[in-house]
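One-letter residues, chain by chain:
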Amino acid sequence: HGTPSEGHDIKPFEPVKGETSAKEVLAILDQIKDRIDNEVFLYQGSEPSTVYRYQGFKSGLQVMFDSGVAGKFFYLGDDSSNGYLYGLVNIAAFLGQSMKETIQYDACDENSWDLVNSKYPLSNACGQLGQSYQDYHCSEEEKHMECPVDPNMSIKGVTHAKWYGAPGPLFCGPKSEYPFTGYWDYGYECNNPWADPPEYCTDYEGQRAGRYDNTEPVENSAGRTDVEGCCWWGRGVIQTTGICNFGKLNYFLGARAAEEGRPSRYPTIDFCKDPEIICSSKEFTELKWIAGMFYWVESLQSYNERGWNYFAELHRFVDGGMSDGGSFINAVSGIVNRGCHDPPCKTGEVDGMSERAGNFDKVLSLTLLPNKDEIEIPTKAEEFSVESHGTPSEGHDIKPFEPVKGETSAKEVLAILDQIKDRIDNEVFLYQGSEPSTVYRYQGFKSGLQVMFDSGVAGKFFYLGDDSSNGYLYGLVNIAAFLGQSMKETIQYDACDENSWDLVNSKYPLSNACGQLGQSYQDYHCSEEEKHMECPVDPNMSIKGVTHAKWYGAPGPLFCGPKSEYPFTGYWDYGYECNNPWADPPEYCTDYEGQRAGRYDNTEPVENSAGRTDVEGCCWWGRGVIQTTGICNFGKLNYFLGARAAEEGRPSRYPTIDFCKDPEIICSSKEFTELKWIAGMFYWVESLQSYNERGWNYFAELHRFVDGGMSDGGSFINAVSGIVNRGCHDPPCKTGEVDGMSERAGNFDKVLSLTLLPNKDEIEIPTKAEEFSVES
């Protein structure tokens, strides 16, 4: 439907409470409740959350619709023709943010995450990033609702982060109990049964490393070392924080309302005396949802700043066909994460913009699956059941097979992509989920796709479906899976070269070019049968990357060179303020374009995770849309597509390009912009399309996913994410949990939803795949 015109202003309005639309919305949610539990409420994108389940969500939704707070209620649409859609979009926006804020971490209590001088201060309970939660006051008109700060209150959280050595729960208590507090030592190995006496991890259930260390005071970002009165950290699905918000909950829903003669949903619960009840209650599991919905009603549904009104924009989004290039949901993300609808605000860039948008698309797509007109609507909203009907059947086994090259399906797929190419550029190929990427554009993607379908590599081609009735859908799902991973790996960072991201003893070693997380890219060898294809390691090769991370002080591009040039290398000092025009002589940031801080520091050798301090022969870092890495992969590109193929008399798509002598050509070429795509598609063909391990065959599972109605609880795409990020289809593998599982799944859903928008039967199909234009 294109991007809606900015057009006329829509007058801000108060929402109408639509009883009929609420019944429709709740009936739709009941139809997909198992999928919500198994595809939306997930820890790390793969395991069902133990904290957030459909039953608690639905109970909370009913409380916040029926009772609300201070005359405000959670909006479930009005009784217009689009009314139920308004309600579903409000829910999708709320859940999309909740998935990012807490659900993916399976956390109710705020995690301790603010690292100060490489330590997690225990006084983070008082506030993180320089904040003071006990000083989160209400406005003058609402000041009477606040909770008093009791200096003797002593509370410990019930949830915490779950990574290896993660900080234990936040806690508060009086100075008489804690004169000062130290830090969480995440590197301490607490399981030591051979010590005398034996030591074990006892700070929280499931702890594998770390400990509370109170040997000396450690300041948080605001300078606090005590935790007196610091019981007001974030709790619930969208972290309710501070004495004002907990006070309001108590004033309208809790013990204070009952004591002062007002209607109270929870008359026995004093949210001021026990804010932890939100997370700890076994009886009222909806409280963690109600806390977040209360925030949503107060801060999102009431948002009306500088011409941007939440309800006006929600209605505009729905009435415009639910297609606005991400404008609505990105504004919502800005409000939730940074306090304004047009970030960056004074507080900075939005954290996880693309992940939040992907979550929104995922939930919205799920809620739009049921046909409203075929659902039986109860006479009262309260009559909806929250009982579970179990998980969907896993279905029949499909015998593994080799793919057929479908010429017709390829034409259909490419025609569909051409129909939505502007939306791909403006909604999929985005830096940080909001700005069009400068590195990855549709024209290069399409050119690469045609090369890898037409020519392929060693008889293998990028699969665009076969000529069966579902053939084009197989092709679209393969593309959606590929792009979903690419968005996470590189597109969201606008990066072609691998970024330096492995922090070793709080430093980014320059020898990360040789390999990160203990790897050595120049030792990524081929199998014995393919060893003859490898690139030789030239110790005199000298290369510098062309892309890099873009955050404030981010490390400059990776580089390699001989020991004669770099006897040793140091680290990237990300804290150095390089723009200092008042110095004598003046200093400026000159290591890369757009640099705002940081510098290469080679004053002393600094080891990477594998112990390297030099960068000789270290030119094989990842490049392209799904980081092609190592002498085997670059060698294969050269052997099948580059100069070596031409020199040895085989057909060559790029006879003048030697990928072994210049691997950086993948990122630096202005002439062949498709190379960064081809490198990733080559990996996809080699590693994904060929994957057949322990009964899991990529093509069999892809076909099963499509033939089963493209609904499998995330099983297919989560397995793909495991293969790409960890090397196996059933993570955690030996290498650990998948990074960004839910974000990858959200990306997949977003791309797939987009590709399914055009009506295939209304698209004109050229007679040859080669006739498709790639002009923008």
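For the structure, check the block above.
Residues numbered from 1 in each chain as written. Predicted model: local features only at pLDDT ≥ 70, side-chain atom pairs only at ≥ 80, totals over all residues. Heavy atoms only, no water.

Draft legend 1. Quick peek at the packing of aromatic side chains. If you walk through the whole model with that rule in mind, you get 60 aromatic pairs. Summarising the aromatic geometry, the rings of Phe-429 and Phe-445 are spaced 5.9 Å apart at their centres and angled 80° between planes, so their arrangement reads as edge-to-face. Residue Phe-429 is located in the loop between helix 13 (421–428) and strand 10 (430–431), and its partner Phe-445 is located in helix 14 (residues 442–454); the two are separated by 16 residues in the primary sequence. The residues Phe-429 and Phe-445 share a single accessibility class, namely buried. The ring centre of Phe-461 lies 5.2 Å from the NZ or CZ of Lys-405, which sits over that ring. (Phe/Tyr/Trp six-rings, centres within 6.5 Å; stacked < 30°, edge-to-face > 60°. Helix = DSSP H or I, 4+ residues; strand = E, 2+ residues; numbered from the N terminus. Buried < 20%, exposed > 50% of the residue type's maximum accessible area, 1.4 Å probe, protein only. Lys NZ or Arg CZ within 6 Å of the ring centre and 35° of its normal.)

Draft legend 2. Layout of the state of the cysteines. Across all of its chains, the model carries twelve disulfides by this definition. Each disulfide pairs two cysteine sulfurs, and for Cys-108 the partner residue is Cys-279, the sulfurs being separated by 2.1 Å. The disulfide joining Cys-108 to Cys-279 has a torsion of about -85° about its S-S bond and is therefore left-handed. Here Cys-108, found in the loop between helix 4 (83–101) and strand 3 (120–121), pairs with Cys-279, found in helix 7 (residues 277–280); they are 171 residues apart in sequence, far enough to count as distant. (Disulfide = S-S within 2.5 Å.)

Draft legend 3. Inspection of the pattern of salt bridges at higher detail. Summed over the entire model, instances satisfying the criterion amount to 38 salt bridges. Here Asp-185 and Arg-211 are joined by a salt bridge, their closest N and O atoms 3.9 Å apart. A residue pair is termed long-range when its members are at least 10 positions apart, and Asp-185 in strand 6 (residues 183–185) and Arg-211 in strand 7 (residues 211–213) qualify at 26 residues. Overall, the relative accessible area of 17% leaves Asp-185 in the buried class. Arg-211 gets classed as partly exposed once you look at its relative accessible area, which sits at 31%. Several salt bridges converge on common partners, so that one network encompasses Lys-72, Glu-142, Lys-248 and Glu-298. (Salt bridge = Lys/Arg side-chain N within 4 Å of Asp/Glu carboxyl O.)

Draft legend 4. View of a nonpolar patch on the surface. A surface patch of nonpolar side chains, about 280 Å² in accessible area, is lined by Leu-115, Trp-163 and Tyr-186. Among the residues examined, Leu-115 registers a relative accessible area of 38% and is labelled partly exposed. (Patch = residues over 30% accessible without salt bridge, like charges linked within 9 Å, V, L, I, M, F, W, Y side chains within 5 Å. Areas by Shrake-Rupley, 256 points an atom, 1.4 Å probe, with all protein chains shown as cover.)

Draft legend 5. Summary view of the sheet that holds strand 3. The antiparallel open sheet is built from three strands, whose spatial order is 3-6-7. Each edge of the open sheet is held by one strand with a lone partner, namely strand 3 and strand 7. Relative to strand 7, strand 6 runs antiparallel, the two sharing three bridges. Bridging across to strand 7, Asp-185 finds its partner in Arg-211. (Pairing = 2+ DSSP bridges.)

Draft legend 6. Molecular detail of the sheet that holds strand 15 (residues 571–573). Spatially, 12-15-16 is the arrangement adopted by the three strands of the open sheet, whose pairing is antiparallel. Whereas interior strands pair on both sides, the edge strands pair on one side only; in this sheet they are strand 12 (508–509) and strand 16 (599–601). Relative to strand 16, strand 15 is paired through three bridges, and the arrangement is antiparallel. Paired with Trp-572 across the strands is Tyr-600, a residue of strand 16.

Draft legend 7. Examining the packing of helix 4 against helix 9 (residues 310–319) more closely. At a closest axis distance of 10 Å, the pairing of helix 4 and helix 9 adopts a crossing angle of 115°. Here helix 9 runs roughly perpendicular to helix 4, going by the angle between their axes. Taken as a pair, helix 4 and helix 9 cross one another with a handedness that is right-handed. Together, Leu-85, Tyr-86, Val-89, Asn-90 and Ala-93 of helix 4 and Tyr-310, Leu-314, His-315, Phe-317, Val-318 and Asp-319 of helix 9 make up the contact between the two elements. Among the residues forming the contact of helix 4 with helix 9, the class breakdown is eight nonpolar, two polar and one charged. (Axes fitted to C-alpha atoms, helices over the stretch in contact; angles between N-to-C directions. Parallel < 35°, antiparallel > 145°, perpendicular 65-115°, else oblique. Left-handed = near helix turned anticlockwise from the far one by under 90°. Contact = heavy atoms within 4.5 Å. Nonpolar A, V, L, I, M, F, W, Y, C, P; charged D, E, K, R; others polar.)

Draft legend 8. The arrangement of the side chain of Asn-697 in detail. Tracing the backbone through its elements, the reader meets Asn-697 in strand 18 (residues 696–697). Among the polar contacts made by the side chain of Asn-697, one reaches the side chain of Asn-692 at a distance of 3.5 Å. Among the polar contacts made by the side chain of Asn-697, one reaches the main-chain amide nitrogen of Ala-700 at a distance of 2.9 Å. (Polar contact = N/O pair within 3.5 Å; in protein donor to acceptor, adjacent residues only side chain to side chain.)

Draft legend 9. The environment of Arg-262, seen in detail. Take Arg-262: it is sitting in the loop between helix 6 (255–259) and helix 7. When the C-alpha atoms of Arg-262 and Phe-65 are compared, they prove to be 18 Å apart, with 197 residues separating the residues in sequence.

Draft legend 10. Helix 15 (residues 471–489), seen in detail. Taking 1.5 Å of rise per residue, the 19 residues of helix 15 would be expected to cover 27 Å, and the 28 Å separating its terminal C-alpha atoms lies within 8% of that figure. Burial analysis of helix 15 places 18 of its 19 residues in the buried class, which makes it a mostly covered element. (Expected span 1.5 Å × (residues − 1).)

Draft legend 11. How the structure looks around the environment of Ala-597. Take Ala-597: it is sitting in the loop between strand 15 and strand 16. A residue is classified by how much of its surface remains accessible, and Ala-597, at 0% relative accessible area, is buried. Separated by 28 residues in sequence, Ala-597 and Thr-569 place their C-alpha atoms 19 Å apart. For Ala-597, the residues in contact, after removing those within four places along its chain, are Tyr-552, Gly-553, Trp-572, Tyr-574, Tyr-576, Glu-577, Cys-578, Cys-589 and Tyr-592.

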